[in-house]
Amino acid sequence: MHATTHALTLDAATEQPRAGAREWGALAVLMLPVLMVSVDNTVLSFALPAISVDLRPSGNQLLWIVDLYAIMLAGLLIAMGSLGDRVGRRRLLLIGSVGFGAASLLAAYSTSAEMLLVARMLLGVFGATLMPSTLSLIRNVFTHSGDRRLAIATWAAMFSGGAALGPVVGGWLLEHFWWGSVFLINVPLIVVLVPVALALLPESRDPAPGPFDLAAIVLSLTAMLPFVYGIKTVAHDGFDTATSMAFLIAVGSGWMLVRRLRASAHPMIDLTLFSNRVFNGAIMANLLSLMALTGFLFLGAQLLQLVLGLSALDAAMVLLPGLLITVLSGFWAVRLLRRFPARILVSGSFGASALGYAVMALTGSPSVLSVAVAFSLMGLGIGLAETITNDLMLSSVPASRAGSAAAISETAYEIGAVLGTAVLGTVLTSVYRSNVTIPAVARFGEQDGSFETLGSTLTAATQYPNEVGEAIQTSAVAAFDLGVQTTSAVAIVVALAAAVVSFRALRDA
């Protein structure tokens, strides 16, 4: 930060300069990659029915189309943070931006489920290059503690708000364009990001980062990918040989990764951070809050469009109040922290999420109003949790380790996003498949994947005579409603357990 860019105002207690126009402009630039990555986590929610009809993915392919992006992010964030320490965080941000734009174009014009899976994988790889530098650059740009806390609140609000904004933006685009348009929205943001980042963002790197640990990167991926695969398949197929092998590979890779990190003089992940009780509690709360959000979006988008019959845009508007509450509650958390202990607020945030799912589980037949109320309650909880947990994670570790803490925070966010769809989405899919009844005449002419998802089942029902088609539709909707109730019940248990764990783990916060 240069003294010539603005008049410096000093804080009496810390003697640190207050941020000026250049610093706040830099924050605005950093919000663009945060927005792109978080929106891409959930923007597919309302496009899933159209993708199901157009590309005809199987049920597992549909889940992987959603999950693969977040899996690659979670597996590579820390590795890319390590790379940014060496080549420069701003430089990596710019390289990743160009790659993210190219992958977005590939996704938008995919002609098969397999092609879209490859594009989502590449989006995850390049997305991982965008994120690690954001919090570390915020720490470097904002030296005044008050300014930095507000900047972190903005970052957290953009992260959680961007995840909630994804379905709204996607719904509007799908009302006017084809499903591929949900990926093209990244391109104009990147066109703006690259030149403005060159003008406003300072370059920073670790002057003595140590060697780049390729083996640790490979181990982190071989721990992450089989683990999520196992979670996704065990609820549907049970423990078979493939699932058991996946968990065995994940556990083995995780064990070897920890051993390697402990033995390394310059570990890719600073394991001493996990000796801090507050840090661990904040990490777990961060992960579980995103799990609740993405699980709700997975079931809510299909419920609003396929069961309640709303257009993509109308369905997105149902979620708009929850989006606004998510963003506002993130900034509200900064004030609440002055009056209430962090563990009370974080535990209360999970209580709000549990109430949101309770509305879905206990109101009988779902309606537009019940979905809007449920998502608003969840938005309140998630906005509070994301701001508070990220502030706790950064404030509970020394300033010299802020980069490692930030990378772990973002990884927890992405793991939560994966688990939301993998666990809650798998429960929903499993209950649906177990309870949908398809007449024998329809089963006889079944094509691959015709009845694996609600969207494909309703489409297939239109190909049969009235009585058969109506029976298929009625059974499919009833099975999906039961799946929503069961999934919501599971989510309530998880949220209440998270509230208890957070209250205990954050007692020293």
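That block above? That's the structure.
Described below are features of the structure shown in this document. (Residues numbered from 1 in each chain as written. Predicted model: local features only at pLDDT ≥ 70, side-chain atom pairs only at ≥ 80, totals over all residues. Heavy atoms only, no water.)

**Brief notes about the overall build of the chain**
Of the regular secondary structure elements, the chain holds 19 helices and 0 strands. Burial statistics for the chain: of 509 residues in total, 58% are counted as buried. Contacts in the chain between residues at least 24 apart in sequence constitute 81% of all its contacts with a sequence separation of at least 6. When the accessible surface of the chain is split by element, carbon and sulfur atoms take 66% of a total near 19600 Å². (Helix = DSSP H or I, 4+ residues; strand = E, 2+ residues; numbered from the N terminus. Buried < 20%, exposed > 50% of the residue type's maximum accessible area, 1.4 Å probe, protein only. Contact = heavy atoms within 4.5 Å. Areas by Shrake-Rupley, 256 points an atom, 1.4 Å probe, with all protein chains shown as cover.)

**Concerning the packing of helix α3 (residues 59-87) against helix α4 (residues 89-108)**
For the pair α3 and α4, interaxial distance at closest approach is 9 Å and the crossing angle is 145°. Read as a crossing pair, α3 and α4 show a hand that is right-handed. Contacts between α3 and α4 involve Tyr 69, Met 80, Leu 83, Gly 84, Asp 85 and Val 87 on the former and, on the latter, Arg 89, Arg 91, Leu 92 and Phe 100. Within the contact of α3 with α4, the residues separate by chemical class into 6 nonpolar, 1 polar and 3 charged. (Axes fitted to C-alpha atoms, helices over the stretch in contact; angles between N-to-C directions. Left-handed = near helix turned anticlockwise from the far one by under 90°. Nonpolar A, V, L, I, M, F, W, Y, C, P; charged D, E, K, R; others polar.)

**Overview of the environment of Val 346**
Residue placement: Val 346 occurs in helix α14 (residues 342-362). C-alpha of Val 346 to C-alpha of Gly 281: the two residues are 65 residues apart in sequence and 10.0 Å apart in space. The contacts of Val 346, once residues within four sequence positions are left out, are Ala 285, Ile 388, Ser 502 and Leu 506.

**Quick word on the packing of helix α12 (residues 277-307) against helix α13 (residues 312-336)**
For the pair α12 and α13, interaxial distance at closest approach is 9 Å and the crossing angle is 130°. Here α12 lies oblique to α13, going by the angle between them. Viewed along their axes, α12 and α13 form a crossing whose handedness is right-handed. Contacts between α12 and α13 involve Phe 296, Leu 297, Leu 304 and Gln 305 from the former and Ala 312, Ala 315, Val 318 and Leu 319 from the latter. Split by residue class, the contact of α12 with α13 holds 7 nonpolar, 1 polar and no charged. (Parallel < 35°, antiparallel > 145°, perpendicular 65-115°, else oblique.)

**Re the pattern of salt bridges**
Taken as a whole, this structure holds 1 salt bridge when the rule is applied. Where Arg 260 meets Asp 213, a salt bridge forms, and the shortest distance between an N and an O atom there is 2.9 Å. Residue Arg 260 is located in helix α11 (residues 241-263), and its partner Asp 213 is located in the loop between α9 (186-200) and α10 (214-237); the two are separated by 47 residues in the primary sequence. The buried category is assigned to Asp 213, whose relative accessible area is 12%. (Salt bridge = Lys/Arg side-chain N within 4 Å of Asp/Glu carboxyl O.)

**A look at α13**
Here α13 spans 36 Å end to end across 25 residues, near enough to the 36 Å set by a 1.5 Å rise per residue. A bend of about 35° at Leu 319 is the largest found in α13, and the proline Pro 321 appears one to four places after it. (Expected span 1.5 Å × (residues − 1). Bend = angle between axes of the 7 residues up to and from the residue.)

**Observations concerning the packing of aromatic side chains**
Under the criterion given, the structure shown has 5 aromatic pairs. For the ring pair Tyr 109 and Trp 178, a centre distance of 5.6 Å and an interplane angle of 35° mean the geometry is tilted. Of the two residues, Tyr 109 is situated in the loop between α4 and α5 (113-130) and Trp 178 in the loop between α7 (145-176) and α8 (181-184); the sequence distance between them amounts to 69 residues. Among the aromatic side chains, those forming a connected cluster through ring pairs are Phe 296, Tyr 357 and Phe 375. Cation over ring: Arg 343 sits above Phe 503, and NZ or CZ is 3.9 Å from the ring centre. (Phe/Tyr/Trp six-rings, centres within 6.5 Å; stacked < 30°, edge-to-face > 60°. Lys NZ or Arg CZ within 6 Å of the ring centre and 35° of its normal.)

**Details of the nonpolar core**
Counting residues in hydrophobic clusters, the biggest one holds 159 residues, and the most contacted among them are Ile 138, Trp 155, Phe 183, Phe 296 and Tyr 357. For this core, the element with the highest residue contribution is α12, accounting for 18 residues. (Core = buried A, V, L, I, M, F, W, Y, C linked by side-chain atoms within 4.5 Å.)

**Quick word on the side chain of Thr 389**
Within the secondary structure layout, Thr 389 lies in helix α15 (residues 368-395). Polar contacts involving the side chain of Thr 389 include one to the main-chain carbonyl oxygen of Glu 386, which spans 3.4 Å. Every residue in contact with Thr 389, bar those within four places of it in the chain, is listed here: Ala 282, Ala 285 and Asn 286. (Polar contact = N/O pair within 3.5 Å; in protein donor to acceptor, adjacent residues only side chain to side chain.)

**Re unusual backbone geometry**
Look at Arg 56: it is not a glycine, yet its phi comes out positive at around 50°. Structurally, Arg 56 is set in the loop between α2 (48-55) and α3.

**Comments concerning the environment of Leu 122**
With respect to the helices and strands, the residue Leu 122 is situated in helix α5. Take Leu 122: its relative accessible area is 28%, and that puts it in the partly exposed class. Each C-alpha atom, one on Leu 122 and one on Tyr 69, is 7.8 Å from the other, the two residues being 53 residues apart in sequence. Not counting residues within four places of it along the chain, the set of residues in contact with Leu 122 comprises Ala 103 and Leu 106.

**Describing the environment of Ala 103**
Mapped onto the elements, Ala 103 comes out in helix α4. Given the relative accessible area of 3%, Ala 103 is considered buried. Taking the C-alpha atoms as reference, Ala 103 lies 8.9 Å from Val 118; in sequence the two are 15 residues apart. Once residues lying within four places of it in the same chain are set aside, the contact partners of Ala 103 are Ala 119, Leu 122 and Leu 123.

**Comments concerning the side chain of Ser 110**
Secondary-structure assignment places Ser 110 in the loop between α4 and α5. In terms of polar contacts, Ser 110 uses its side chain to reach the backbone carbonyl oxygen of Leu 106, at 3.0 Å. A polar atom in the side chain of Ser 110 sits 3.2 Å from the backbone oxygen of Ala 107. The residues contacting Ser 110, other than those within four sequence positions of it, are Leu 55, Met 115, Leu 116, Ala 119 and Trp 179.

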